[in-house]
Structure formats: C-alpha cells, structure tokens
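# Breakdown of the fold
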Amino acid sequence: MGRAAAAGRGAGGARQWLPWLGLCFWAAGAAAARGTDSGEVLPDSIPSAPGTLPHFIEEPDDAYIIKSNPIALRCKARPAMQIFFKCNGEWVHQNEHVSEESLDESSGLKVREVFINVTRQQVEDFHGPEDYWCQCVAWSHLGTSKSRKASVRIAYLRKNFEQDPQGREVPIEGMIVLHCRPPEGVPAAEVEWLKNEEPIDSEQDEHIDTRADHNLIIRQARLSDSGNYTCMAANIVAKRRSLSATVVVYVNGGWSSWTEWSACNVPCGRGWQKRSRTCTNPAPLNGGAFCEGMSVQKITCTALCPVDGSWEVWSEWSVCSPECEHLRIRECTAPAPRNGGKFCEGLSQESENCTDGLCILDKKPLHEIKPQSIENASDIALYSGLGAAVVAVAVLVIGITLYRRSQSDYGVDVIDSSALTGGFQTFNFKTVRQGNSLLLNPSMQPDLTVSRTYSGPICLQDPLDKELMTESSLFNPLSDIKVKVQSSFMVSLGVSERAEYHGKNHSGTFPHGNNRSFTTVHARNKTPYIQNLSSLPTRTELRTTGVFGHLGGRLVMPNTGVSLLIPHGAIPEENSWEIYMSINQGEPSLQSDGSEVLLSPEVTCGPPDMIVTTPFALTIPHCADVSSEHWNIHLKKRTQQGKWEEVMSVEDESTSCYCLLDPFACHVLLDSFGTYALTGEPITDCAVKQLKVAVFGCMSCNSLDYNLRVYCVDNTPWAFQEVVSDERHQGGQLLEEPKLLHFKGNTFSLQISVLDIPPFLWRIKPFTACQEVPFSRVWCSNRQPLHCAFSLERYTPTTTQLSCKICIRQLKGHEQILQVQTSILESERETITFFAQEDSTFPAQTGPKAFKIPYSIRQRICATFDTPNAKGKDWQMLAQKNSINRNLSYFATQSSPSAVILNLWEARHQHDGDLDSLACALEEIGRTHTKLSNITDSQLDEADFTYSRQNGL
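Residues numbered from 1 in each chain as written. Predicted model: local features only at pLDDT ≥ 70, side-chain atom pairs only at ≥ 80, totals over all residues. Heavy atoms only, no water.

### Here's the deal with the sheet that holds strand β48 (residues 815-823)
Backbone hydrogen bonds are what pair the strands of a sheet, in a parallel or an antiparallel way. Across the sheet, four strands lie side by side as β45-β43-β47-β48; this open sheet has antiparallel pairing. Strands at the two margins of the open sheet, each flanked by one partner only, are β45 (770-773) and β48. Taken pair by pair, the neighbouring strands of this sheet meet at an average axis angle of 15°, ignoring direction. The sheet contact formed by strand β43 (residues 750-755) and β45 spans four bridges and is antiparallel. Residue pairing across strands places Gln751 opposite Glu772, the latter belonging to β45. (Pairing = 2+ DSSP bridges. Helix = DSSP H or I, 4+ residues; strand = E, 2+ residues; numbered from the N terminus. Axes fitted to C-alpha atoms, helices over the stretch in contact; angles between N-to-C directions.)

Structure follows, in structure tokens:
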C-alpha cells in the first residue's frame with residue numbers, strides 16, 4: 001500500500017483512486033440496503049462498463065508453513081482494476097496487500113499482481129470445519145472474477161513410524177514382503193527403501209516392487225537379497241529412519257543322487273551292500289535345514305560261492321587200436337566249475353600200451369621201443385614209497401597221542417563249572433561217590449588207590465602238577481593227600497616253609513629246561529628276542545612297556561581305558577618280546593574327511609614286526625553313544641607311509657579281524673601290531689557323542705579373585721587324564737564329580753553359564769556369565785581339551801565359601817548341571833578323587849595272574865566246545881551265550897574258536913572278572929550242572945604265588 005500511496009501522489013494518482021472511490025460508495029449503498037456492516041462484505045460485482053472480465057494469469061497455490069516461517073500467496077490478473085484476497089470468507093485488510101501494476105505489451109491491457117503473507121499464528125488461531133484457505137477477487141469494468149481457493153497448512157512429520165519393517169527368514173525363491181507405514185505428517189511423507197544403506201531402485205530390478213502402499217515386495221528371493229533393509233520417510237519438514245529389518249534367504253539342504261550299490265562285502269555267502277548320498281544338492285546355507293533321512297543305506301546280499309570242478313570217474317578202456325594203445329577219458333562234471341571256480345587239474349584223457357609187448361610198432365619189436373608202462377611203473381614205486389612214509393608218520397603221531405592220554409589222570413571230556421573259580425573252597429570229604437554223571441565215559445572208574453585229606457582251603461588254580469587235577473581229585477574226595485598251607489600274609493612275605501604234599505609222583509609233572517624269567521632275557525639266547533624301540537615316534541605320547549613270553553599276559557595303560565591282552569601261546573616258546581603300547585597326545589595325525597569324526601585316541605602297539613600265532617585283543621575306549629541307526633563306525637590303521645586306511649566297519653563281516661563294540665570301549669582281535677583308531681560317520685542328526693563335563697577351580701594372583709574352568713571333553717579316560725594333568729600344573733582342584741552330557745550332531749552350539757552366585761558375597765566379571773561354543777569346536781573336541789574360564793571376585797577376604805551352579809546345555813539338546821559347593825581354602829576343601837585306581841598299580845601283568853580263567857580250566861573248555869556237537873552245543877553256542885552274535889565266520893577260521901572267544905571274554909571283563917556269569921552261560925548250554933563259588937582276592941593271590949613258585953618265577 002505504500003507503493004500505491006506513492007503512486008497516488010503522482011499525476012495519475014487521482015485517476016487510480018476514482019474507481020476505488022466509486023466502488024466504495026457503491027459498496028456503502030449496497031451495504032445500507034442489505035442492513036450490513038460495510039466493513040464485512042465487498043460487492044461481488046460492479047456496474048457494467050465497456051471492457052472485459054478479469055482473467056487470472058496466476059492463481060494462489062496451496063502452501064505449507066514450515067516451522068515459524070510465513071508463506072506468501074500470489075495472484076495476477078488482467079485487465080484488473082483491483083485485486084483483493086479473501087481468507088476463510090473474510091476480506092483481508094488492504095494494508096496487508098502488496099500490489100504491482102504493469103502493462104501487457106501484446107494486448108495493451110493492464111496487469112495487476114498482488115500478494116499477501118500468511119503467518120503460522122494466523123493458521124493456528126483459525127478454528128473451522130476445513131483448512132485455512134485464501135482466494136483472490138479481481139475487478140474490471142465488466143465485473144469481478146474469483147480465483148481458486150488455496151489452502152494453507154502447517155507442515156510437520158512425526159518421529160515414530162506407525163509400522164516398522166520386520167525381519168524375515170525365507171527360503172530361496174520364496175516371496176519377501178516388508179511392511180512400512182511412515183509417520184503421520186503434512187504433507188504426507190514419501191517412502192524410500194535402503195538395503196545395507198544403499199538406495200533400492202525398483203526400476204532397475206524387476207524382482208523388487210516398492211509401489212504397493214510403501215511396502216517392499218521381492219517376488220522370488222535370491223541369496224543376494226539377504227541383508228539389512230531400512231524404510232526412509234521424508235517430506236518438506238524432515239526425514240525419518242525406521243528400524244532395520246534383517247532378511248535372511250536360506251537354502252535347505254538337498255540330497256544328492258544315490259551312489260551305485262557297492263559290491264557285496266563278502267566273496268562268498270551272505271553279506272551286505274551299501275550306497276550313500278551327501279547333503280550337497282544343494283548344501284544347507286544360512287541356517288537352512290539339514291537333509292532329512294539316512295545318508296547310508298544297507299541291504300543284504302548273497303554272493304554265489306565259487307565251486308571248483310572235480311573229475312568224474314575214468315571211463316572203461318577203449319578197444320586196442322592198431323597202434324597198440326587203448327584210451328580212457330574223464331570229464332570235469334562232478335561237479336562242473338561254477339561261479340568262477342577252478343577247472344579240474346590234470347589230464348582228461350589217458351592212453352597206454354595194450355599188448356604187453358606182443359604188438360609190432362613201425363615194424364620193430366615192441367621190446368626195442370621204450371614202453372610207457374616202464375615209466376609208469378617207476379612212478380608208481382616212487383609214490384608208493386612216499387605213501388608208506390606218510391602212513392608211518394601218522395601211526396607214530398597217533399601212538400604218541402595215545403601214550404600221552406594214557407599218562408593223563410583226567411580226560412578232556414569232563415568239565416565242572418566250579419573249577420572255573422580255581423576251586424577256592426573248603427572241602428569236607430566224605431565217602432567216595434560212585435558213578436559221576438559228568439563223566440562222559442562211565443566205564444572209567446576213578447582212581448581210588450590214593451586217599452587224600454585236606455585241612456583248610458586248597459587252591460586249584462592252574463596247577464602244573466596234574467595229580468591235583470585228576471577226575472577223582474576234582475569230582476571225588478581227596479583222601480590221603482596232606483596239605484599244609486601257610487596264610488596268604490606269610491606266603492606274600494616269601495616264607496621258605498612250603499605246602500607239603502604226600503602222595504605219588506608222576507613223571508612229566510613240571511616242564512624241564514624251561515626255567516626262565518619273563519621280565520629279563522638270558523644272554524644264552526642266540527636270537528635277539530627283545531626288539532629295539534628306536535623306531536618309536538618322538539612326539540609327545542603316553543607309553544608303557546612289558547616283557548612277555550609264551551605264557552602271555554596283559555599290558556594296561558593306567559587311567560586311559562587302553563589295554564592289550566596277549567593270549568597264552570601267542571608267542572612261541574623260548575621267545576620273549578618287549579611289547580610297548582602308546583597313545584598319541586599331540587595333534588591327531590588322522591585328518592577327518594567330511595562329516596567323519598575321531599571317536600577314540602590313536603593307540604600304537606608294537607613292535608610292528610612281531611608275529612603272533614593267536615590273535616591278541618586290543619581294547620580302545622570311545623565316546624560314541626553306540627547305535628547302528630545313527631553311527632557308522634570304522635576301525636582305521638596307519639600305514640608305514642603315514643596314511644590312514646580303513647580296516648573294517650564294526651558292522652562288517654570279516655575273517656581278518658573282529659570288532660566288538662561295547663557302550664564305552666571297542667575290543668578288537670588282531671593279528672598284527674600297528675597304530676589304530678576309531679572314527680565315526682554320523683548317519684542322522686540323532687547321532688550322539690558322550691562328553692564328560694567337569695569344573696576345576698583355583699585362586700588367582702589377586703587374592704580376591706577365584707577362577708572357574710569348565711571342561712567339555714570326549715568321554716574317554718584318556719581325554720580326561722589330559723585335563724587332570726594340565727590342572728595339576730596350574731594348581732586346579734576338581735570341585736564336583738564329572739558328569740556325562742549327550743551332545744547331538746544337530747549343528748547347534750553349546751552354552752556354558754554360571755548361575756546362582758551369592759549376590760552380596762561374590763560377583764562375576766562382566767561379559768563372562770554366559771559363553772557359547774560353536775558346534776564344530778565341540779564336535780571335534782578331540783583336537784584339544786575344550787574349556788571355558790569364568791572369573792569371580794570376592795567382596796571381602798573373609799568370604800571363604802563358594803556356592804553356585806554351572807549349566808552346560810546344547811541348544812535344542814541335553815542339559816547338565818554341576819553344583820559347586822566348596823571352600824576356596826585348601827585346608828578346608830574336600831578332595832575329590834580323579835580316577836579309580838583299579839588299573840594304575842600293575843600296568844604289566846605276565847603269566848597266569850593276568851587272566852581270570854585258570855589255564856587248565858580254559859583248556860578243558862576249549863577241548864569240550866571246539867568239538868562239534870549234534871545238538872549244537874559247541875563254540876557257536878558258547879559265543880551266543882556271551883553276547884557274541886555277529887561275524888561268527890571269523891571264529892570259524894581259527895584253530896580253536898573257543899580259545900579266541902575266551903580271549904575276548906578276558907578283554908571285556910578285565911576289571912570285574914565275573915566268572916559266575918561265564919559259569920552260568922556254561923550251565924545254560926547244558927554242559928555243566930554246578931554253580932560257581934565266589935573267589936576272594938587273597939585266594940587268587942595265593943594261587944598265583946603257588947603257581948609262580950612251582951615254575952621258578
């Protein structure tokens with residue numbers, strides 16, 4: 001208005017105000033006519049005059065007030081004498097208008113432009129049914145024109161999103177939908193999506209759509225679509241960021257195609273075939289599910305046994321031919337070779353002279369020609385001589401056998417289960433019983449010419465004096481032998497007074513020329529029986545040695561569960577070997593392939609060039625929860641080149657070795673020494689490794705600190721012994737009995753946490769209360785002992801008691817709780833034993849004391865059960881009663897199947913020596929009728945000492 005007033009002072013000022021004055025007078029009259037206030041309403045039109053109606057070149061636009069900044073509304077019209085704004089139905093005072101006037105050169109008409117300012121206060125003070133609005137009204141000679149209504153609003157954008165996008169886990173090629181509802185705002189906010197802080201351009205990627213109501217849609221998810229997604233909302237006021245949503249595109253595992261069926265694992269008879277597949281089509285990614293089902297399938301198969309051909313009988317001789325010969329033939333059809341069997345050896349046709357020299361051949365007398373019959377006659381003489389020699393040798397062997405049997409006071413047809421205990425019992429002898437039902441030959445009467453009496457208990461464990469083991473001595477009263485037995489304490493001191501025997505002596509009671517010790521080797525031996533151990537590996541290992549001879553023995557690695565049983569007779573007579581056994585304590589040389597894991601220590605026994613005549617038994621502990629449905633367990637051996645090769649699967653049928661898998665150990669019958677280990681391939685997610693969890697504690701350098709170390713190791717004595725050795729060096733103390741944790745092969749991790757710490761006495765260091773161990777670290781924990789450390793701090797030095805709980809759990813698996821209740825002062829702490837000392841005192845035992853079954857009783861069992869029986873009561877029944885039901889073909893190839901079965905029994909019962917169970921098995925078979933008596937330790941020691949004194953040991 002200032003510029004308009006200035007213009008009024010000019011020459012044309014009067015002319016400018018004339019229309020306005022006329023307009024004002026007209027408006028006043030109109031207002032009086034309507035009875036209204038002239039200040040409230042201006043006329044909608046003026047009287048007609050020559051010209052045109054105003055035309056708006058620029059109309060006011062909708063506007064937003066940002067913060068406290070006013071906005072300007074503009075309006076331009078031609079021809080226009082005046083332009084005024086009307087806001088919310090009321091005229092804006094002319095002092096608030098700013099106008100400009102110009103001339104349109106093309107039309108010569110006047111152009112007027114007017115603008116006003118609208119403040120935030122004006123908008124906030126308005127309370128109406130609609131938004132704050134303003135409109136332009138322009139006047140000309142012909143009348144008035146109105147512009148569009150322009151709304152004025154206060155712009156804002158709230159902080160919080162009405163809906164934040166949520167993270168998703170979707171399978172590959174699945175649909176991803178992320179919802180986003182931006183904050184309320186004026187004007188409405190525009191939405192933009194970010195992936196990993198980079199804007200998403202949906203026009204360049206046809207798989208992504210961001211147009212649907214601010215949502216992000218990915219029609220087919222790809223691995224590259226995994227990431228963090230953020231919704232961005234913005235208007236003219238501000239920008240807002242939503243919470244990030246993590247999208248994981250996972251791939252579920254898929255099985256590959258089955259391999260071809262393997263060949264039947266036995267060359268002849270009933271066996272099995274297997275095929276396998278891997279979870280690699282595709283392999284699971286980003287937490288995708290592992291393949292369901294079995295990775296290995298087995299079916300039974302029957303391999304046709306090869307049948308070697310055999311000759312039919314010779315045919316009759318043919319008619320004598322002009323050449324003075326006749327022929328005979330035979331065919332290889334009894335039977336004919338089948339299934340790859342060998343063809344018959346020898347000639348299928350034979351000819352000889354048929355005239356005894358009366359025939360003329362090539363016009364010469366037959367006696368001038370060297371006849372074939374002469375050669376045949378010389379061959380017959382040679383073969384006859386050899387046959388006679390063989391017959392003579394056979395007769396000699398039979399004679400010697402019969403002589404030895406005649407010298408024996410008892411036969412192998414007699415067995416009594418009570419003899420298994422070594423006869424440690426007190427006898428009160430009465431009259432001779434007639435007709436022993438256990439004698440297979442009832443015609444043999446017991447020798448009653450020797451009457452024997454006893455005073456006190458008598459030891460019948462493996463006496464070499466067979467006078468004590470006759471049929472009459474085992475099953476009839478011993479009438480006239482007088483025995484004076486010292487107490488076990490005096491015997492153990494080596495008192496020179498021996499038991500006195502009065503009775504007849506038999507020749508051959510003791511072996512002659514066999515007075516040698518099995519712990520040393522005499523210099524008179526010409527061959528080096530003790531082998532050099534320089535070839536042993538030099539890396540860190542546990543090791544034990546012992547010298548063994550013909551009587552065999554047992555070698556034990558203390559506190560490891562590893563042992564070696566050398567049977568009686570496995571080493572030839574007059575030979576002695578220093579046998580060693582070691583456990584690799586360094587990094588395992590057996591590198592696992594794929595999902596295969598090491599289940600046992602690597603055990604070496606030797607010397608490798610030693611040859612045994614009877615399989616020895618090697619016991620190796622393992623940590624698998626045995627189940628053929630979930631595990632495929634293999635025995636492997638390291639070659640001289642350092643490579644590992646598979647010997648057999650424990651489910652295989654083999655005649656080269658035998659594996660018997662017990663819940664905590666595997667007993668292997670072998671013919672050769674070397675380095676062996678057990679590996680396992682999990683077939684399903686339910687495969688379980690047994691872990692031993694234990695907690696150790698010790699004081700820190702700071703007197704107020706106390707350290708807890710929680711170990712999770714394979715459940716083998718050897719693995720725990722490594723932990724104990726390390727803790728002894730660190731001054732650690734076992735705070736709670738170790739417990740067993742079943743760890744599944746389901747790829748889920750292990751969590752270890754400390755709970756229930758007294759709040760006002762102790763506190764735990766930050767970020768150490770709960771620790772998580774990845775699955776692979778636990779599953780392959782045989783590499784190094786796995787442990788987690790927790791640091792606790794006392795508030796005052798007067799606190800000496802600590803109580804808390806250690807929770808060890810596998811996600812989606814089993815859980816174990818260790819309750820710690822201890823004193824941190826060594827003088828008040830209760831000591832918990834690390835190991836039972838049952839196998840740590842005598843690492844090497846030689847001779848009869850190493851075995852639970854007396855040797856003489858063992859011989860009688862073998863002689864009885866090795867003989868086939870029409871009722872099936874032979875070594876196969878003995879194996880079945882001792883829970884040996886698999887791979888019986890291995891025992892069938894042994895010279896004495898019963899002896900090998902008993903060796904396996906000795907290996908399995910090295911700690912308990914439960915002879916009653918063996919006797920019960922014999923009684924069930926029906927060969928014995930009496931129950932075993934109990935054997936006391938003192939009686940066993942006494943029997944061993946008696947046996948050693950008799951043999952010069």
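### Things to note about the packing of helix α9 (residues 855-865) against helix α12 (residues 897-908)
At a closest axis distance of 8 Å, the pairing of α9 and α12 adopts a crossing angle of 130°. Considering the angle they form, α9 stands oblique to α12. Taken as a pair, α9 and α12 cross one another with a handedness that is right-handed. Residue-level contacts link Arg858, Ile861, Cys862 and Phe865 of α9 to Ser898, Ala899, Leu902 and Asn903 of α12. Each residue belonging to the contact of α9 with α12 can be placed in one class, and the counts come to five nonpolar, two polar and one charged. (Parallel < 35°, antiparallel > 145°, perpendicular 65-115°, else oblique. Left-handed = near helix turned anticlockwise from the far one by under 90°. Contact = heavy atoms within 4.5 Å. Nonpolar A, V, L, I, M, F, W, Y, C, P; charged D, E, K, R; others polar.)

### Structural notes on the state of the cysteines
Note on terminology: a disulfide is the covalent bond linking the sulfur atoms of two cysteines. If you walk through the whole model with that rule in mind, you get eight disulfides. Disulfide pairing places Cys279 opposite Cys291 at an S-S distance of 2.0 Å. Judged by the torsion about the S-S bond (85°), the Cys279/Cys291 disulfide is right-handed. Here the residue Cys279 occupies a position in the loop between β21 (269-276) and β22 (296-303), and Cys291 occupies one in the loop between β21 and β22, the gap between them amounting to 12 residues. (Disulfide = S-S within 2.5 Å.)

### Focus: the nonpolar core
Across soluble globular proteins, nonpolar side chains have a tendency to be buried as a group. The biggest cluster of nonpolar side chains holds 77 residues, and the ones touching the most others in it are Leu564, Ile579, Leu618, Leu708, Ile806 and Ile808. Examining the composition of this core, we find that six residues originate from one element, strand β40 (residues 705-714), more than from any other. Beyond its immediate stretch of four places on either side in the chain, Leu618 contacts Ser563, Leu564, Met581, Val603, Cys605, Cys666, His667, Val668, Leu670 and Tyr676. Of all hydrophobic cores here, the second largest spans 29 residues; its members include Ile853, Ile901, Leu902 and Ala907. (Core = buried A, V, L, I, M, F, W, Y, C linked by side-chain atoms within 4.5 Å. Buried < 20%, exposed > 50% of the residue type's maximum accessible area, 1.4 Å probe, protein only.)

### Brief notes about α9
Among the 11 residues in α9, eight count as buried, and that is most of the element. Listed in full, the buried residues belonging to α9 are Ser856, Ile857, Arg858, Arg860, Ile861, Cys862, Thr864 and Phe865.

### Considerations on the side chain of Arg277
Among the secondary structure elements, Arg277 is positioned in the loop between β21 and β22. Put simply, Arg277 is tucked away with no salt bridge, and the nearest opposite charge, on Glu292, sits 9.4 Å away. At 3.0 Å, the side chain of Arg277 forms a polar contact with the backbone oxygen of Met294. Here Arg277 is in contact with Trp255, Ser256, Ser257, Trp258, Glu292, Gly293, Met294 and Ser295, once residues within four sequence places are set aside. (Lys, Arg positive; Asp, Glu negative; His and termini not counted. Salt bridge = Lys/Arg side-chain N within 4 Å of Asp/Glu carboxyl O. Polar contact = N/O pair within 3.5 Å; in protein donor to acceptor, adjacent residues only side chain to side chain.)

Worth remembering: the numbers are spatial, not functional.
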